[in-house]
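If you want the building blocks of each chain, they are given just below.
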Amino acid sequence: MSADKNKPLIVVLSCNWCTYAGADLAGVSRFQMPTNFRLIRTMCSARIDPELVLKAFAKGADGVIVAGCHPGDCHYISGNYRERRRIKLLEMMLKQIGISPKRFALEWISASEGQKFADTMRNFSAQIDRLGMSPIRIKLMEENERKEVAHV
Amino acid sequence: MSEKIRLAIATAATCDGCDMAIIDIDGMLLDLFDIADIVFSQTYVDTKYEDLEKMPDGYITASLVHGSMRDEENVHLAKLLRKKSKLMVAFGACSAFGGIPSLANSVKGGMGKIWQTVYGKDTASTVNPEGTTPQHKWKTPLGRTLTLPEAEQKIVPMDKIIDVDYYLPGCPPAVSTIKTFVGAVHSHVTKGTPLPPKGAIIASEKTLCEECPRVKPEKYNIKKINRPYEIELDPEKCFLEQGVICLGVATRAGCGAQCTKVGNMPCRGCYGPTGLVLDQGASMLSALGSILDMTDHELDMTDDELEKIVAQVPDPLGTFYRYTFGNAIINEAVEDAEE
């Protein structure tokens, strides 16, 4: 991920049917949003394997949001019920690893909630700003610097 | 017959269970020694590191290394063997994935904290009034310098340190797995059949459930998670149906489902992740998350209720990554800033 060196990076993993449409609406409605998030669309929030969240953190993301349809609204009936159990379990595991639970959130955003999408991004981005860079990203940057020095 | 192949069976940070497993192939040992000589091993023959250093590069046909890369001596041995051998084999879960010792990576504060727990005042059972700790270097009163290898900061699988040709997973590898490998080497030497491709894991490509004979229900819904000692385990029913966490769904097959079939005990995942996933722990977490206590009032479930459901898993990291934390996507604990 290439971006401004000191700006926090946020990965948004969203479902196709609600949150992606909600994000689209936020864009079309021209709501002000931070620009430091990258949205990845999947067919359902249940497709978002914990592996993907761990990989995002391991690659240096400072925050990860998983977003899907509200309970009862899942396009595949029960995908989001499964996902919310996984996310809770994953939160426990991230705590054991030492990543602050504030870097990670699960949100329900429907296709009509463009405003909610924009607000969520603004608040989450501000929260990550206060937390600073993720410890894994700091480690990665230090390693890269060492490699660059060794190369010179 | 032409010259025998040369074998090294080396130990890193290990419990030596893998050595026992090699002896367990009993009759096949005769086949093995028909074609092979052990030229280096700390357990079976009297060889020293000096002997190994004197060997020309590529002298050893295959080196089997078991145990994790806990200290610099283990790392040195792995690098030295790589230089001296044509084939490197990560033998057992420790060298293939980091093994149980790699759970030490999950301690926040790393080796410093572990040192403190073992030798410091943190634990009530430690009596160490003078605060004596092992030193890397020590000068004796007579002027000799003694050294001990220093511990690595984190345990990684052997293939992160050197190039590895084959993997034999398991804790220890099942006899059938070792026999498959020895058989492949034997027929390569005697009949010239090709060896498995480089990087092959000598096990199945499927999950353990494929091998496990237990009856699986159409749909799962775990109402309560039980520890194996809390209930009477049904020998026919799937463990997950009985509410016992079994890692079979996220574990590679190849062991013959010994634990679930013969031992009446759930799988703990020593054969590591299957070929299609990156991370065994995440894979198990995902599987368990989707069958954990689906209620009929999902629509208005509160956050507290949800928390109660998942809190039944007391130690997700230790349970899901029991043998593979060293190999995980995030394989060490970090310290995050508090807001």
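Residue positions within a chain follow its written sequence, with the count starting from 1. As a convention, the first chain written is A and the first ligand written is 1, with the rest following in written order. pLDDT decides what is reported in this predicted model: residues at 70 or higher carry local features, side-chain atom pairs at 80 or more are listed and counted, and totals for whole chains, interfaces and linings draw on all residues regardless. By convention in this description, side-chain values take in all heavy atoms of the structure and omit both hydrogens and water.

Enquirer: Please clarify how the state of the cysteines should be interpreted in this entry.
Expert: Here is the idea: a disulfide is a covalent bond, and it sits between the sulfur atoms of two cysteines. Two cysteine sulfur atoms form a disulfide, by the criterion used here, when they sit within 2.5 Å. What the rule picks out here adds up to one disulfide over all chains. Between Cys 18 of chain A and Cys 69 of chain A runs a disulfide, and the two sulfur atoms are separated by 2.5 Å. Because the torsion about its S-S bond is 100 degrees, the bridge between Cys 18 of chain A and Cys 69 of chain A counts as right-handed. Highlighted residues: Cys 18 of chain A in the loop between β1 (10-15) and α1 (19-28) and Cys 69 of chain A in the loop between β3 (63-68) and α3 (79-97), separated in sequence by 51 residues. Classification of residues uses two cut-offs on accessible area relative to the type maximum, computed with a 1.4 Å probe and protein chains only: under 20% is buried, over 50% is exposed, and between them is partly exposed. Look at Cys 18 of chain A and you get buried, because its relative accessible area is 10%. A relative accessible area of 4% means that Cys 69 of chain A is categorised as buried. The thiol of Cys 255 of chain B is unpaired, and the distance to the nearest cysteine sulfur, on Cys 270 of chain B, comes to 6.3 Å. Going along the chain from the N terminus, every DSSP run of H or I of four or more residues is numbered as a helix, and every run of E of two or more is numbered as a strand.

Enquirer: Looking at this structure, I do not really get the sheet that holds strand β4 (residues 104-108) of chain A. What am I missing?
Expert: Hydrogen bonds between backbone atoms are what pair the strands of a sheet, whose relative direction is either parallel or antiparallel. Residue and element names in this part refer to chain A. In this scheme, strands are said to pair when DSSP sees at least two bridges between them. The parallel open sheet is built from four strands, whose spatial order is β2-β1-β3-β4. Each end of this open sheet is capped by a strand with a single partner; those strands are β2 (37-42) and β4. With direction set aside, neighbouring strand axes in the sheet form an average angle of 20 degrees. Pairing between β1 and β2: six bridges, direction parallel. Opposite Val 11, over in β2, you have Arg 38 as the bridge partner. Axis lines are fitted through C-alpha atoms, for helices just across the contact stretch, and the angle between N-to-C directions can take any value from 0 to 180 degrees.

Enquirer: Which parts of the structure should I look at to understand the interface of chain A and chain B?
Expert: As a measure of interface size, the accessible area lost when the parts come together is often cited. With 33 residues of chain A at the interface, the matching set in chain B holds 38 residues. Once two parts are brought into contact, the accessible area they lose, counted with a 1.4 Å probe and summed over both, makes up the buried area. Between chain A and chain B, a total of about 3,400 Å² is buried, with carbon and sulfur atoms accounting for 64% of that surface. Salt bridge, as used here, is a side-chain nitrogen of Lys or Arg placed within 4 Å of a carboxyl oxygen of Asp or Glu. For the pair chain A and chain B, the number of links is six salt bridges. Linking Arg 103 of chain A and Asp 336 of chain B is a salt bridge whose minimum nitrogen-to-oxygen distance equals 2.7 Å. We call two N or O atoms a polar contact when they sit within 3.5 Å, provided that within protein one can donate a hydrogen and the other can accept it, with sequence-adjacent residues counted only if both atoms are side-chain atoms. For the pair chain A and chain B, the interface holds 16 residue pairs in polar contact (both at pLDDT 80 or more). At the level of elements, α2 (50-58), α3, α4 (114-131) and α5 (135-151) of chain A are the ones that each hand at least two residues to the side of chain A that touches chain B. Looking at which element gives the most residues to the side of chain A that touches chain B, the answer is α3 of chain A, with 13 residues. Gly falls in the polar group here, along with every residue not listed as nonpolar (Ala, Val, Leu, Ile, Met, Phe, Trp, Tyr, Cys, Pro) or charged (Asp, Glu, Lys, Arg). Its residues placed into classes, the side of chain A that touches chain B shows 15 nonpolar, five polar and 13 charged. The criterion used for residue contact is that any of the two residues' heavy atoms lie within 4.5 Å.

Enquirer: Mind showing me how you'd approach the side chain of Glu 51 of chain A here?
Expert: Counting through the fold element by element, Glu 51 of chain A comes out in helix α2. As used throughout, the charge tally considers Lys and Arg to be positive and Asp and Glu to be negative, leaving His and the chain termini uncounted. Although buried, Glu 51 of chain A forms no salt bridge, and the nearest oppositely charged side chain, Lys 55 of chain A, lies 7.1 Å from it. Polar side-chain contacts of Glu 51 of chain A include one of 3.1 Å to the backbone nitrogen of Leu 278 of chain B. With residues near it in sequence (within four places) discarded, Glu 51 of chain A still touches Val 277, Leu 278, Asp 279, Ala 282 and Ile 329 of chain B.

Enquirer: How should I be thinking about the pattern of salt bridges in this particular structure?
Expert: Side chains that carry opposite charge are capable of pairing whenever their charged atoms lie near each other. All names here are of chain B. For the coordinates displayed, the defined rule picks out 18 salt bridges over all chains. Between Glu 205 and Arg 252 there is a salt bridge, with its nearest N and O atoms 3.3 Å apart. Pair noted here: Glu 205 is in the loop between β8 (200-201) and α8 (208-211) and Arg 252 is in the loop between α8 and α9 (258-263), with a separation of 47 residues, a long-range link. What makes Arg 252 buried here is its relative accessible area of 4%. A single salt-bridge network, built from bridges that share partners, covers Arg 82, Asp 163, Asp 165 and Lys 198.

Enquirer: Please clarify how the pairing of strand β3 (residues 60-66) of chain B should be interpreted in this entry.
Expert: In regular strands, side chains alternate between the two faces of the sheet. Residues and elements named next belong to chain B. In terms of burial, β3 is largely enclosed, as six of its seven residues are buried. Where strand β1 (residues 5-11) meets β3, five bridges bridge the pair, whose relative direction is parallel. Paired with Ala 8 across the two strands is Ser 63, which belongs to β3. As paired strands, β3 and strand β4 (residues 85-91) are joined by five bridges and run parallel to one another. Its bridge partner being in β4, Leu 64 is matched across the sheet by Val 89.

Enquirer: Help me out: how do you make sense of the domain arrangement of chain B in this one?
Expert: Residues and elements named next belong to chain B. As used throughout, domain bounds are those supplied by an automatic or database domain assignment. Along its sequence, chain B is organised into domain 1 (5-100 + 156-201) and domain 2 (208-327). Averaged C-alpha coordinates put domain 1 and domain 2 at centres separated by 32 Å. On the side of domain 2, 13 residues touch domain 1, which itself brings 16 residues to the contact. Here domain 1 and domain 2 share zero salt bridges between them.

Enquirer: Looking at this model, I keep getting lost on the side chain of Arg 84 of chain A. Mind explaining?
Expert: In this structure, Arg 84 of chain A sits in helix α3. The residues contacting Arg 84 of chain A, other than those within four sequence positions of it, are Pro 71, Leu 106 and Trp 108 of chain A together with Glu 298, Met 301 and Leu 306 of chain B.

Enquirer: I would appreciate a short explanation of the nonpolar core in the present structure.
Expert: Side chains of a nonpolar character, in soluble globular proteins, are inclined to be buried together. In these notes, a set of buried Ala, Val, Leu, Ile, Met, Phe, Trp, Tyr and Cys residues joined through side-chain atoms within 4.5 Å is what counts as a nonpolar core. Among the nonpolar cores identified, the biggest contains 81 residues, and Val 53 and Phe 104 of chain A together with Leu 81, Met 158 and Leu 288 of chain B are the most heavily contacted of them. Each of domain 1 (5-100 + 156-201) and domain 2 (208-327) of chain B gives at least three residues to this core. When neighbours within four sequence positions are excluded, Met 158 of chain B is seen to be in contact with Val 65, Met 69, Ala 78, Met 88, Val 89, Ala 90, Ser 95 and Val 164 of chain B. Among the nonpolar cores identified, the runner-up in size contains 26 residues, and Ile 38, Leu 87, Ile 178 and Ala 200 of chain B belong to it.

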